[in-house]
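Working through the structure, step by step
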Amino acid sequence: MEKTSVERSIHARKISHPNWIYDTLGLVWKLFVYPKYHVHYTFKKDFRKVEGPFFFISNHASRLDYIFVGAPLLPLKMNFVAGYNEFHRSHLSLVFNLLRVIPKKNFTPDLYTVKEISRVIKSGHGVCIFPEGMSSISGANQPVALGTGKLFKHHKVPVYYSVIRGGYLTSPEYSRRDRAGYVEVEYDQLFTVEDLERMTPAEIES
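Quick summary incoming for the structure in this document. If you're wondering where the values come from, they're calculated on a predicted model, not measured in any experiment. (Residues numbered from 1 in each chain as written. Predicted model: local features only at pLDDT ≥ 70, side-chain atom pairs only at ≥ 80, totals over all residues. Heavy atoms only, no water.)

1. Here we look at the overall build of the chain
Within the chain one finds ten helices and seven strands. Radius of gyration (C-alpha) of the chain: 16 Å, near the 17 Å computed for a compact globule of 206 residues. Looking at the chain as a whole, 46% of its 206 residues qualify as buried. Within the chain, counting contacts between residues at least 6 apart in sequence, those at least 24 apart form 74% of the total. For the chain, the exposed surface amounts to about 11,000 Å²; the carbon and sulfur share of it is 58%. (Helix = DSSP H or I, 4+ residues; strand = E, 2+ residues; numbered from the N terminus. Rg over C-alpha atoms; globule rule 2.2 N^0.38 Å. Buried < 20%, exposed > 50% of the residue type's maximum accessible area, 1.4 Å probe, protein only. Contact = heavy atoms within 4.5 Å. Areas by Shrake-Rupley, 256 points an atom, 1.4 Å probe, with all protein chains shown as cover.)

Given below as C-alpha cells:
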C-alpha cells in the first residue's frame, strides 16, 4: 500500500517550470562542485538566451551529469526527465521535486511522462532528456531509447545537446565514491525545426 501511495503522489503532480530554487542550486553547484571536478565548458553554439520551447539531450555516464550540464546554461532553465525509481529514494526525491523533474518509467511507454513533457513544451520552455534512458555502467554510449525520434518530430522544436567527457571517471554509476578529476562539457545544436521536418524518426534516433 505504501508503494501505491508513493506512485499516486508522483503521478498526481502537474509539472511547472523551475523557479528560483533551480538558480540557487545551480549557483551552489558551480561554487562547490565544479572546482572539485575541474568542470570546464564551451559553446559551439551559445543558446543560453534562446526564447521558446526546446529539447536538450546529452550522453549519460555519470551520476552527476545533471549538475555538469545544467548549471552552465543558467539563466536558461529546463525540466529534466529522470528515472521513476529515483523518486523512491529519500535523498533524491526532495531535490527532484524542488527542481520540477519529470519522472519516467525506464524502458516502457509512460503516458504520464509524455503528457508532462508536452505540457512544458507547450508552455514555451525546455526539457532535458538523457535519451540512453539510464547512466552507462561501462562509460560507453548506449542505444537511444525507442520513441525519442517520434517525440522530437511530433513537437518540432529545436534540439540542443552537450557531450560530457570525463564524467564517468569521476562519479560512475557502479560506485558511490566520487573521485576528483577533469570534466569537459561541450554544447551545440543538434537539430533545427527544418531538420526534424525532413527526417524520419529512425534517422533522428540514429
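2. Things to note about unusual backbone geometry
Between L74 and P75 the backbone carries a cis peptide bond, its omega angle lying at 15 degrees. Looking at the secondary structure, you find P75 in the loop between α4 (65-70) and β3 (78-83).

3. Here we look at the environment of K49
Among the secondary structure elements, K49 is positioned in the loop between β1 (39-43) and β2 (54-58). Note on K49: relative accessible area 81%, which makes it exposed. Separated by 26 residues in sequence, K49 and P75 place their C-alpha atoms 7.9 Å apart.

4. Describing the sheet that holds strand β6 (residues 159-165)
An order of β1-β7-β6-β2-β5-β3-β4 is seen for the seven strands of this open sheet, with the pairing classed as mixed. The open sheet has two free edges, formed respectively by β1 and β4 (102-104), since each of these has just one partner strand. Looking at each pair of strands side by side, their axes are set apart by 25 degrees on average, direction ignored. As defined by bridge partners, β1 adjoins strand β7 (residues 183-191) across five bridges and the pair is classed as parallel. Across the sheet, residue Y41 finds its bridge partner in β7, namely V185. (Pairing = 2+ DSSP bridges. Axes fitted to C-alpha atoms, helices over the stretch in contact; angles between N-to-C directions.)

5. A closer look at the packing of aromatic side chains
What the rule picks out here adds up to 13 aromatic pairs. Between Y37 and F68, the ring centres sit 5.8 Å apart and the planes meet at 75 degrees, which makes this aromatic pair edge-to-face. A residue pair is termed long-range when its members are at least 10 positions apart, and Y37 in helix α3 (residues 34-37) and F68 in helix α4 qualify at 31 residues. Assigned by exposure class, Y37 and F68 land together as buried. (Phe/Tyr/Trp six-rings, centres within 6.5 Å; stacked < 30°, edge-to-face > 60°.)

6. Details of the environment of V33
Assignment of secondary structure puts V33 in the loop between α2 (20-32) and α3. Look at V33 and you get buried, because its relative accessible area is 17%. Separated by 23 residues in the primary sequence, V33 and F56 have C-alpha atoms spaced 22 Å apart. Apart from residues lying up to four places away in sequence, V33 is in contact with V28 and I67.

7. Considering the nonpolar core
With 33 residues, the main nonpolar core has F56, F68, V69, M78 and F80 as its most contacted residues. When near neighbours in sequence (up to four residues on either side) are disregarded, V69 contacts Y34, F56, S58, F80, F130, S162, I164, V185 and Y187. (Core = buried A, V, L, I, M, F, W, Y, C linked by side-chain atoms within 4.5 Å.)

8. Some points on the pairing of β7
Regular strands place side chains that alternate from one sheet face to the opposite one. Within β7, seven of the nine residues are buried, which leaves it mostly tucked inside the rest of the structure. Direction of pairing for β6 relative to β7: antiparallel, over a ladder of seven bridges. In the sheet register, R165 faces β7, and the bridge partner there is E184.

9. A few points about the pattern of salt bridges
Oppositely charged side chains may form a pair once their charged atoms are brought near each other. Under the defined criterion, the tally for this structure stands at five salt bridges. D46 is the partner of R48 in a salt bridge, and the nearest nitrogen-oxygen pair spans 2.7 Å. Among the ionic pairs, R119 bridges to E116, the shortest N-O distance being 2.9 Å. Of this pair, R119 and E116 both sit in helix α6 (residues 111-122), separated by three residues, roughly a single helical turn. (Salt bridge = Lys/Arg side-chain N within 4 Å of Asp/Glu carboxyl O.)

Without other data, these values stay purely geometric and don't point to any function.
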